[in-house]
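# Summary of the model geometry
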Amino acid sequence: MKIGIPKELAPQESRVAGTPETVSKMVKAGMIVSVETQAGVSAFIQDQDYVQAGATIQTSHASLLGETDCLLKVQPPLLEEVPQIKEHAAVIGPLFPLRQLELVKQLRAKNITAFSLDLLPRIARAQSMDILSSMSNLAGYKSVILAADHLNKIFPMMTTAAGTILPAKIIVIGAGVAGLQAIATTRRLGGVVIAFDTRPVAAEQVKSLGADFVSLETSHDTSQDAGGYAKEQSAEFYKQEQDIIHRYIREADVIITTALIPGKPAPILITEAMVKDMKTGGVIVDLAIEQGGNCPLTEAGKIVVKHNITLIGLTNLPSTLPIHASQLYARNLLAFLNYVAKPLADNALDLSDDIIKNCLITYRGDIINPLVKKALE
Ligand code: NAI
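Along each chain, numbering runs from 1 in the same order as the chain's sequence is written. In keeping with the predicted nature of the model, local features appear solely for residues at pLDDT of at least 70, side-chain atom pairs appear and are counted solely at 80 or more, and the whole-chain, interface and lining totals rest on all residues. To get the side-chain values, take all heavy atoms of the structure and skip hydrogens and water.

The next point concerns the overall build of the protein. Note on conventions: DSSP H or I runs of at least 4 residues are helices, E runs of at least 2 residues are strands, and numbering of each starts at the N terminus. Looking only at helices and strands, the protein features 13 helices and 17 strands. On the principal axes, the C-alpha backbone points of the protein span a range of 65 × 50 × 35 Å. Residue exposure (1.4 Å probe, protein chains only): buried if accessible area is under 20% of the type maximum, exposed if over 50%, otherwise partly exposed. Here the protein, with 377 residues, has 52% of them falling under the buried criterion. At a minimum sequence separation of 6, the contacts of the protein that also span at least 24 residues come to 62%. We call two residues contacting when some pair of their heavy atoms lies within 4.5 Å.

The following block contains the structure:
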């Protein structure tokens, strides 16, 4: 099987879908790997590193796409790239198909076997392939580093000859993968953390990291679906949640919001009135910005100051840590590739397998994932 690792064309994307480590494992497994020249340069990987790992370097983007049996991607292919991809080839990467229906149609028309790893089920045997967790983890870390950099004071308590400085107070809203890493990173920097989540099961994880958990009085069944994702709540619930958060906000130096509901806009949890009540000089990092944001004042892709609060709405934070992001991402992709390589080669994908049936979007001119199929109908 000929594997292709192209240079990502999406703006501000620094990651690469394969590293010398994963390429050498593919080569050992008998795969032929082709890497586009300069594909890894933003992640500080040179062409020569890939050559040493056993890959060949392809100078033309179009040729790489046209010759590859299985294309490994960090971002969904651009619409203009699809005509260049070989008919019947496989594509593995996040496709965000529900937001990219035109891309799905084009991939189907070219008989591409397209796997979308953002739809991987969160089950134990898929953990090694879980790109969402790897990348959310890094985003959670970076959110705290950004907040610390923009906060006009320090995080830890310091007892000095000039007196004692009290620790910064941080609120984390949403204690999933990103939120938990934000808590852990804040604790390492010496900040004091309070966390909120609609899923009561998050309480134990939050407390184990040394943060306080504020209960929103939801039950297990009303708060999460079978996949462990948060369920959407009523407008009344969100109003009550805003009121509870509002009580804590006056003391907060930093708020990191990560609250997401799959397939829906992010819930608004920090209103303008709440921002006005924060301590002057505070920081909000809105990690939910790509789904609309948890605070209506945050602006996607920007850092803005409103009411003396710095609002950070930067997108694609993992791409700002391209070395480790590429390392983890490439390992996830390799785990998935190892899972599907033989069935792909034998033309024997098991469409009843949970991992395959969720991730497989287009296959032999058909749509497989039921949610995407429904969206297209
Ligand atoms: P996510 O990115 O979809 O959401 C972030 C967090 O926001 C979640 O914890 C969610 O409960 C919370 N949230 C949603 N609405 C909220 C609100 N109104 N107020 C406060 N918090 C709110 O979540 P993520 O990080 O992708 O995790 C989703 C689930 O998957 C979790 O249950 C997690 O434990 C599970 N998981 C399982 C894995 C596995 O077993 N392989 C790996 C990673 C995550």
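Let us look at the state of the cysteines. Cysteine sulfur atoms that come within 2.5 Å of each other are treated as a disulfide pair. Evaluated as defined, the whole model comprises zero disulfides. The thiol sulfur of Cys70 is not disulfide-bonded, and the nearest other cysteine sulfur, from Cys359, lies at 13 Å. For Cys70, a relative accessible area of 0% translates into the label buried.

What surrounds the ligand is a group of 24 residues, the closest being Val177, Asp197, Arg199, Gly228 and Glu241. Any pair of N or O atoms that falls within 3.5 Å is considered a polar contact. Within protein, one atom must be able to donate a hydrogen and the other to accept it, and sequence-neighbouring residues count only if both atoms are side-chain atoms. One of the backbone nitrogen or oxygen atoms of Val177 is found 2.7 Å away from an oxygen atom of the ligand. Using a 1.4 Å probe, the Shrake-Rupley method yields the accessible areas, and only the shown protein chains count as cover for residues. When isolated, the ligand has an accessible area of 840 Å², and the protein chains bury 86% of it. Here the shell around the ligand is built from residues that sort into twelve nonpolar, seven polar and five charged. For each residue, the test is whether any non-hydrogen atom lies within 4 Å of the molecule or strand; if one does, the residue is near. Only Asp, Glu, Lys and Arg are considered charged in this grouping, and only Ala, Val, Leu, Ile, Met, Phe, Trp, Tyr, Cys and Pro are considered nonpolar; every other residue, Gly among them, is considered polar.

At least two bridges found by DSSP between two strands are what make those strands a pair. An order of β3-β2-β1-β4-β5-β6-β16-β17 is seen for the eight strands of this open sheet, with the pairing classed as mixed. Either end of the sheet is taken by a strand with one partner, and the two such strands are β3 (56-58) and β17 (366-367). Looking at chain direction, strand β1 (residues 2-5) and strand β4 (residues 70-72) are connected through two bridges and run parallel. The residue of β4 that forms the bridge with Ile3 is Cys70. Helix axes are fitted only over the stretch in contact, all axes being lines through C-alpha atoms; the angle between N-to-C directions runs from 0 to 180 degrees. Across the sheet, helix α1 (residues 20-28) lies against β1, β2 (32-36) and β4, angled at about 150° from β2, the strand it touches most.

Before going further, it helps to examine the domain arrangement of the protein. Each domain of the protein was delimited in the assignment, giving domain 1 (2-119 + 322-370) and domain 2 (137-320). Tallying the contact residues gives ten residues for domain 1 and six residues for domain 2. Across the domain 1 to domain 2 interface the summed buried area is about 580 Å²; carbon plus sulfur atoms make up 43%. For this analysis, a salt bridge means a side-chain nitrogen from Lys or Arg found within 4 Å of a carboxyl oxygen belonging to Asp or Glu. Between domain 1 and domain 2 we count zero salt bridges in total. Inspection of the region where domain 1 meets domain 2 yields six residue pairs in polar contact (both at pLDDT 80 or more). The class makeup of the residues in the side of domain 1 that touches domain 2 is three nonpolar, four polar and three charged. For the domains described, the bounds stem from an automatic or database domain assignment. Buried area is calculated as the accessible area (1.4 Å probe) missing from two parts once they are joined, with the contributions of both summed.

The biggest cluster of nonpolar side chains holds 46 residues, and the ones touching the most others in it are Leu72, Ile92, Phe115 and Phe336. Setting aside chain neighbours within four positions, we find Phe115 in contact with Val91, Ile92, Gly93, Leu95, Phe336, Val340, Leu344, Leu349, Ile356, Cys359 and Leu360. By convention a nonpolar core is built from buried Ala, Val, Leu, Ile, Met, Phe, Trp, Tyr and Cys residues, the set being connected through side-chain atoms within 4.5 Å.

Bridge count for strand β6 (residues 113-116) against strand β16 (residues 360-363) is two bridges, and the pairing is antiparallel. Each bridged residue has a counterpart across the sheet, and for Phe115 the counterpart in β16 is Leu360. Bridge analysis of β16 against β17 gives two bridges, and the strand direction is antiparallel. Within the sheet, the bridge partner assigned to Thr362 lies in β17 and is Ile367. Where β16 hands over to β17, the hairpin turn is made up of two residues, of which Arg364 adopts a positive phi near 50°.

Before going further, it helps to examine unusual backbone geometry. Unlike most non-glycine residues, Phe96 shows phi in positive territory, near 45°. Topologically, Phe96 is positioned in the loop between β5 (90-93) and α4 (101-109). Phi is positive for Asn111, close to 55°, though the residue is something other than glycine. Here Asn111 is to be found in the loop between α4 and β6.

Enumeration over the complete set of coordinates arrives at 20 salt bridges. Notably, a salt bridge pairs Arg122 with Asp130, separated by 3.0 Å at the nearest N-O pair. On the accessibility criterion, Asp130 (8% relative accessible area) is buried. Close ionic contact of Asp243 with Lys239 constitutes a salt bridge, the shortest N to O distance being 2.8 Å. Separated by four residues within a single helix, Asp243 and Lys239 lie in helix α9 (residues 235-249), roughly one turn from each other. We classify Asp243 as partly exposed; its relative accessible area is 34%. Put simply, Glu21, Lys25 and Arg331 are held in one network by salt bridges that share partners.

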